[in-house]
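# Remarks on the overall topology
Chain by chain, the residues:
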Amino acid sequence: MKTLVVDDTLVSRKKMEKITSSFGPCDAVDGGREAIDAFKSALEKDVPFDLITIEVAMPDMDGTETLSEIRELENDMKIPEEKQVQILVVSSLRDKDTIIACKLAGCDDYLCKPFDKGNLIEKLVNLGLVDSEDAEDMEGEEVLGDMVSGIIQDFKKGDIA
């Protein structure tokens, strides 16, 4: 499963990367415009994403706009529905209007923050992206501690301010 994580919040982005990278390659960006570019690039190279996780509230281009544009690109390229990327909105916004707007824009499922590994894996199984046996193998793996350690190391190296 090839994943693109789109989230402007570093901790959420790293947490999602850590979990999804257990199932295959994972790229991450912090904004909608970067997500569109990464999506187009993956299609051009004939290595499309299987999953995009996206936050709704982002400063440059919100998740709903990004989601709509991705779906428009797929339709313009005549990508059959069964081959379109699965899009999971992962957001702290949990009001009915936001969830409905995301569904209307074309998201496949919605996960409210804060999420844990179990919630996410359940969504991936429901979307048909992860085999339930693989999901069982992931139980008990450390995610948060590894993620925080990685962020601290990146900070020490000067990769993040």
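Treat the numbers as computed from the prediction; the structure is a model and nothing was measured.

### A short note on the pattern of salt bridges
- Per the stated rule, a full pass over the model turns up five salt bridges.
- Across the pair D7 and K113 runs a salt bridge, and its minimum N-O distance is 2.7 Å. Of this pair, D7 sits in the loop between β1 (3-6) and α1 (10-20) while K113 sits in the loop between β5 (109-112) and α5 (117-126); the two residues are 106 residues apart in sequence, bridging distant segments of the chain.
- For D7, a relative accessible area of 5% puts it in the buried group.
- The closest approach of N and O atoms between K113 and E55, which form a salt bridge, is 2.7 Å. Of this pair, K113 sits in the loop between β5 and α5 while E55 sits in the loop between β3 (51-54) and α3 (63-76), placing them 58 residues apart in sequence. Across the pair, E55 and K113 agree in class, each one buried.
- Within this structure, D7, E55 and K113 form a network of salt bridges that share partners.

### Let's talk about the packing of aromatic side chains
- Inspection of every chain in the model, using the stated rule, returns zero aromatic pairs.
- Over the ring of F49 we find K2, and its NZ or CZ is 4.6 Å from the ring centre.
- Taking the ring centre of F115 as reference, the NZ or CZ of K15 above it sits at 4.4 Å.

### Focus on the environment of G128
- Counting through the fold element by element, G128 comes out in the loop between α5 and α6 (132-138).
- Since its relative accessible area comes to 60%, G128 is described here as exposed.
- Sequence separation between G128 and Q86 is 42 residues; the distance between their C-alpha atoms is 9.4 Å.

### A word on α1
- Within the span of α1, buried status applies to S12, R13, K15, M16, I19 and T20. Looking down the long axis of α1, one finds its buried residues gathered within 165° of arc, a one-sided arrangement.

### Observations regarding the environment of V5
- Relative to the elements of secondary structure, V5 occurs in strand β1.
- Along the chain, V5 and E55 lie 50 residues apart, while their C-alpha atoms are 8.8 Å from each other.
- The residues touching V5, leaving out its near neighbours within four places in the chain, are R13, M16, E17, T20, C26, D27, A28, V29 and T53.

### Regarding the packing of helix α2 (residues 32-44) against α3
- Two numbers describe how α2 lies on α3: the axes approach to 10 Å, and their chain directions differ by 20°. In terms of axis orientation, α2 runs roughly parallel to α3. Relative to α3, α2 is oriented so that their crossing is right-handed. For the pair α2 and α3, the contacting residues are G32, A35, I36, F39 and K40 in the first and T66, E69, I70, L73 and E74 in the second.
- Residue classes in the contact of α2 with α3 are distributed as five nonpolar, two polar and three charged.

What counts as what
- Residues numbered from 1 in each chain as written.
- Predicted model: local features only at pLDDT ≥ 70, side-chain atom pairs only at ≥ 80, totals over all residues.
- Heavy atoms only, no water.
- Salt bridge = Lys/Arg side-chain N within 4 Å of Asp/Glu carboxyl O.
- Helix = DSSP H or I, 4+ residues; strand = E, 2+ residues; numbered from the N terminus.
- Buried < 20%, exposed > 50% of the residue type's maximum accessible area, 1.4 Å probe, protein only.
- Phe/Tyr/Trp six-rings, centres within 6.5 Å; stacked < 30°, edge-to-face > 60°.
- Lys NZ or Arg CZ within 6 Å of the ring centre and 35° of its normal.
- Arc of directions from axis to C-beta.
- Contact = heavy atoms within 4.5 Å.
- Axes fitted to C-alpha atoms, helices over the stretch in contact; angles between N-to-C directions.
- Parallel < 35°, antiparallel > 145°, perpendicular 65-115°, else oblique.
- Left-handed = near helix turned anticlockwise from the far one by under 90°.
- Nonpolar A, V, L, I, M, F, W, Y, C, P; charged D, E, K, R; others polar.

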